[in-house]
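Fold and contact review
Okay, here's what each chain looks like letter by letter:
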Amino acid sequence: MEANRRQIKKLHLRTHDDGTIHRYVALLEDAFNIASLTGLPSNGLVLIRHLNLGDISHLPSSTSLSQHIDAQIRLIAGSAVRINEEDLPSAEVVWFDDYLSPYLGLTGLVARGKTPRAWYWQKAVPAWNPSATPSRAILNLIEDAVERSGQKLASALIVDRLVQLNHEEKLLDHLTPQDAQILLQLVNIYPCEISRKEDEERAIVPVMPMRTVWRHTLRRWIGQWGPRDNRSLWLMANAILCYNPAYIDNPFLVDVSNRCVDNIHRNIVERKIFREKASAPSVTTSPPTPKTFHSRDVKNIDGKEHHDPKLEPHAINDIAFETEQNGSSPEPEISKHSVEVSSRDTPQDKHHQKYSDLQDSSIEPEHSETNRLLSTRHDAESVDVKHHAVAKPYPVIKEGVERAKVFIQPTGQTQEQTACVESQKRDFRHQEFAFTVHAGFLFVVGLLARLDIEDVLKSQPQFADINLPAHILWTLANRLHIEGEDPVCSFLSQPPPVCAEDEFDFVAPQQWISLLDHNYTNEGSRVLKLAITDTEKHILFDSKNEILLATWRHRQPEQLSSWRQTHEIVSGPGIPAADFHYIIAAFLGIMTLFLERWMDMDMQTLVNREGFIATTKTHVDVFFDLQDTDVRVRRAGLDIDPGWVPWLGKVIQYHYQEKGNNHV
């Protein structure tokens, strides 16, 4: 619990001398700020209904008073109740995972038709009004969450909660364009201005690894509202933020959202036209060939064209969104009708995909954009690694780390129930926090921030499209042999796939050039090597040919002119191409160089540190032993709390505690 967030809503003091009132108020304020509050979750939102401190006249200082407060807290900490969506008016001490959890809990209860009236909801959510209609109540929750936290992700997570419960109509049925305009203004994306120059390359819609329930929601409401409605833009922006945090605080979010909305609406119109044609009398016996928006031929992974009249017009999973990852948890059923279809690109593959549609379960034409955007699903053994940016597939992560579950029992509980609660209290720490030997992996987040990863995402939108930070972190985890189920991976989102044929123009931040110049102190170190491939691809490396600095084909980067003034650019060795491998390797290489230059350590030494991890929807807390403090990490500033990290969609905090101290 942060000291600066500790608040006393109402204070009752009784004294015989009115002149001492102000003195005791000041003492209590200082005492609550310095109290350790041992026994309460240190990284959650804790609400205490009533705390009786008794006679404090014999406590002359704030230090002694804080010790008295800690003693009283220890007496009630065992009865603390972790709240998800429970409405427990009798609970005296409750806690939430983070400051957004009460909003999500209220959203879930309202969506299910319940009216929460427990005392703690009003304390945690000032905007909560139990007498409001469900749509107005949820709308108030969204507005209050965004204004209090100042994060675009708050709105997205509340909408995601409704979608996952299949109750989004509680809000969207009553949402007006004016409401959507206000919500867009709250997150500073309305009125919007497209700052990116339109070109043919950026007209491509990025892949989004969304779940089935979200894809159906987007089709349904965008089809109902139309592509130019503020509500369509708002809903799509929330969907994108849920699955690609790299777009948070990114100036290109509006542009990408509009592209995705247009693509979905175009697909809806195409489906409608096909159904009308299919229902009309046909004079031919052969099925019609659907029109495509692109001239790219559909090919198998062996490069040969494939045409099967039986599979040509078939049900598709989506137009701009990746199907679920292999091994992910099963999706809730959206429709009673389901069609098993074989992957068109690999008809011989035994792996099939399920498709269900709210509109129609009949066979429909394939949008040609899908062929390029949706990656073909394969069994792990049959994947050809040359078609992927990483040799080892990213593991599918689980939903966060299990938090402590301590429930208060009503008066008159049985002896067995009491024993169960006491057992939970004894194991409070181990249920809330997960131990890992790779806790230093969270320092890499600060390292990427030092190397201007956020500037890369904002200036080069193609890397926000593919969620470049997630690719970097997953690749590093693979190289360090960190399993996907390790707690340090619980905050990572699953990035969209990147194929070897995809090309990305890349320009390194100026910070990289400065670091290279500091590292190469010998004569002639201010040299950059430029190679040109057979396809006129320009590739710029550092003087040692180790770190990629820029790639371009058509337009020369603006930074190159300033680099020419301070560096000599010479011809470098020829290479076949600079694909996504090189960009990932460039980030890993510059991070390694930073560690060697400023910290005199390697990446494994930085990452391999014992600690405890706790993850929520919006927070990641890392706890280290105070004795393991590394002066090299401290001197480089990597253990300074990153706080809100937009491109991760998380608040990251580091904590150091004495060995054996209970984290909660």
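We now turn to the structure provided with this report. (Residues numbered from 1 in each chain as written. Predicted model: local features only at pLDDT ≥ 70, side-chain atom pairs only at ≥ 80, totals over all residues. Heavy atoms only, no water.)

**As for the pairing of strand S9 (residues 538-541)**
The side chains of a regular strand alternate, residue by residue, between the two faces of the sheet. A two-sided burial pattern is seen for S9, the buried positions comprising His538 and Leu540 on one face and Ile539 and Phe541 on the other. Examined bridge by bridge, strand S8 (residues 527-532) and S9 share four bridges and lie antiparallel to one another. Within S9, the residue paired with Lys529 across the bridge is Phe541. Counted along the chain from S8 to the antiparallel partner S9, the turn is five residues long, and its residue Glu536 has a positive phi close to 65°. (Buried < 20%, exposed > 50% of the residue type's maximum accessible area, 1.4 Å probe, protein only. Helix = DSSP H or I, 4+ residues; strand = E, 2+ residues; numbered from the N terminus. Pairing = 2+ DSSP bridges.)

**Remarks on the packing of helix H3 (residues 101-111) against helix H6 (residues 152-164)**
Taken N-terminus to C-terminus, the directions of H3 and H6 make an angle of 30°; their axes are 9 Å apart at the nearest point. Classified by the angle between their axes, H3 and H6 sit roughly parallel to one another. The handedness of the crossing between H3 and H6 comes out as right-handed. Of the residues in H6, those touching H3 at Tyr103, Leu104, Thr107, Gly108 and Ala111 are Leu157, Ile158, Arg161 and Leu162. Classifying every residue of the contact of H3 with H6 gives six nonpolar, two polar and one charged. (Axes fitted to C-alpha atoms, helices over the stretch in contact; angles between N-to-C directions. Parallel < 35°, antiparallel > 145°, perpendicular 65-115°, else oblique. Left-handed = near helix turned anticlockwise from the far one by under 90°. Contact = heavy atoms within 4.5 Å. Nonpolar A, V, L, I, M, F, W, Y, C, P; charged D, E, K, R; others polar.)

**A few points about the sheet that holds strand S7 (residues 506-507)**
Pairing is mixed in the open sheet, where five strands are placed in the order S7-S10-S9-S8-S11. Of all strands in the sheet, those with a lone pairing partner are S7 and strand S11 (568-571), marking the two edges. Along the sheet, helix H20 (residues 559-566) contacts S7, S8, S9, strand S10 (548-552) and S11; its crossing angle with S10, the most-contacted strand, is approximately 135°. This element, helix H21 (residues 580-599), spans S7, S9 and S10 of the sheet and lies at about 155° to S10.

**Quick look at the pattern of salt bridges**
Inspection of the entire model under this criterion finds 13 salt bridges. Salt-bridge contacts for Asp262 lead to Arg228; the nearest nitrogen and oxygen are separated by 2.9 Å. Here Arg228 lies in the loop between helix H9 (212-225) and helix H10 (230-243) and Asp262 lies in helix H11 (residues 253-279), a separation of 34 residues in the sequence. Salt bridges linked by common partners bring Glu85, Arg112 and Arg161 together as one network. (Salt bridge = Lys/Arg side-chain N within 4 Å of Asp/Glu carboxyl O.)

**Things to note about a positive patch on the surface**
A cluster of basic side chains, namely Arg5, Lys9, Lys10, Lys123 and Arg148, defines a positive patch on the protein surface. Examined against the element boundaries, Lys10 turns out to sit in the segment before helix H1 (21-34). Assessed through its relative accessible area of 66%, Lys10 is described here as exposed. (Patch = residues over 30% accessible without salt bridge, like charges linked within 9 Å, V, L, I, M, F, W, Y side chains within 5 Å. Areas by Shrake-Rupley, 256 points an atom, 1.4 Å probe, with all protein chains shown as cover. Lys, Arg positive; Asp, Glu negative; His and termini not counted. Charge placed at Lys NZ, Arg CZ, Asp CG, Glu CD.)

**Description of unusual backbone geometry**
Even without being a glycine, Asp452 presents a positive backbone phi close to 65°. Locating Asp452 in the fold gives a position in the loop between helix H15 (443-450) and helix H16 (453-459). We note that Asp600 has phi near 55°; this positive angle belongs to a residue other than glycine. By secondary structure assignment, the location of Asp600 is in the loop between H21 and helix H22 (603-607).

**Examining the environment of Leu593**
By secondary structure assignment, the location of Leu593 is in helix H21. Separated by 77 residues in sequence, Leu593 and Leu516 have C-alpha atoms that sit 8.3 Å apart.

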